[in-house]
Amino acid sequence: MPQTKPIVSVENVVASASVDQKIDLNEITEKFPDTEYHPEQFPGLVFRLQNPRTATLIFRTGKMVCTGAKSEDMAIKAVNTVVQKLRKGKIKIKNDAVITVQNIVAAINLGGKIHLEKAARTLPRSMYEPEQFPGLIHRMLDPKTVILLFASGKLVCTGAKKESDVYRSVHNLHSLLEEKNLMIYDQ
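All residue numbers refer to positions counted from 1 along the written sequence of the respective chain. In view of the model being predicted, local features appear only for residues whose pLDDT reaches at least 70, and side-chain atom pairs are presented and counted only at 80 or more, with totals across whole chains, interfaces and linings using the full set of residues. Excluding hydrogens and water, the side-chain figures rest on all heavy atoms present in the structure.

- You'll find the chain entered in an unreviewed UniProt entry as TATA-box-binding protein, with Candidatus Nitrosarchaeum limnium BG20 given as the organism.
- UniProt positions are given in the numbering used here, feature names are shortened, and annotations may be inferred rather than shown by experiment. According to its UniProt record, the chain has this under Sequence similarities (unreviewed entry): "Belongs to the TBP family."
- The Function (unreviewed entry) field of the UniProt record for the chain holds the comment "General factor that plays a role in the activation of archaeal genes transcribed by RNA polymerase. Binds specifically to the TATA box promoter element which lies close to the position of transcription initiation."

1. Observations regarding the pattern of salt bridges
- By definition here, a salt bridge exists when the distance from a side-chain nitrogen of Lys or Arg to a carboxyl oxygen of Asp or Glu is within 4 Å. Applying the stated criterion across every chain yields a total of 6 salt bridges.
- Arg87 is paired through a salt bridge with Asp96; the nearest N and O atoms lie 3.1 Å apart.
- Note that Arg168 is salt-bridged to Asp142, the shortest N-O span being 3.5 Å. In this pair, Arg168 is assigned in helix 4 (residues 163–179) and Asp142 in the loop between strand 9 (136–140) and strand 10 (145–149), connecting sequence segments 26 residues apart.
- One salt-bridge network, in which partners are shared between bridges, spans Asp142, Asp165 and Arg168. Elements are defined by DSSP. Helices are runs of H or I of four residues or more, strands are runs of E of two residues or more, and each kind is numbered from the N terminus.

2. Points about the domain arrangement of the chain
- By convention here, the domain bounds are inherited from an automatic or database domain assignment. Taken as a whole, the chain is organised into domain 1 (13–100) and domain 2 (109–182).
- On a C-alpha basis, the centres of domain 1 and domain 2 stand 34 Å from each other.

3. Points about unusual backbone geometry
- Here the amide bond leading from Asn51 into Pro52 is cis, since omega sits at -5 degrees, within 30 degrees of zero.
- On the secondary structure map, Pro52 appears in the loop between strand 3 (45–49) and strand 4 (54–58).
- In this model, Asp142 is joined to Pro143 through a cis peptide bond whose omega is -5 degrees.
- Turning to its location among the elements, Pro143 is positioned in the loop between strand 9 and strand 10.
- Despite not being glycine, Arg125 has its phi angle at roughly 50 degrees, a positive value.
- As for its placement among the helices and strands, Arg125 is situated in the loop between helix 3 (116–122) and strand 8 (126–127).

Written out as structure tokens, the structure reads:
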């Protein structure tokens, strides 16, 4: 049983969505002047929301990518809010968006320091080159995530598709670090 309880903070949820129809992006820019659309630079239109605070890229194919959400539910709410606003603005959208979470990024504090040199030799599927990057890169198989470990005891977990995967990854790693005596706690 780990000595400390990790503090986990979800920083970004990326979700893709599709309304399965073509969308006229120029029509959206006319009706929503706050949107950003520069087709000569990038084919997507940026539709920002204040609540939840997100940016949704909309493509003429009807595909969307929402970034900036702090939870899975918030990402889903954001995409549905964008579709609702488009409909209110008389943009014809027949279907509701089919939404899939693609990636969750979380910051974690384990509440103790990590012996990175030893961890690099002990943890499987790990890469540590301090001259290149100060963190150890650990690839976890189940759940399939990548965790960056720093000597300070802070972690960054990425690649999770569900918030529960973030917690499972952190728990598994923290237990392993404790079991292998790779955690250092100030007395």
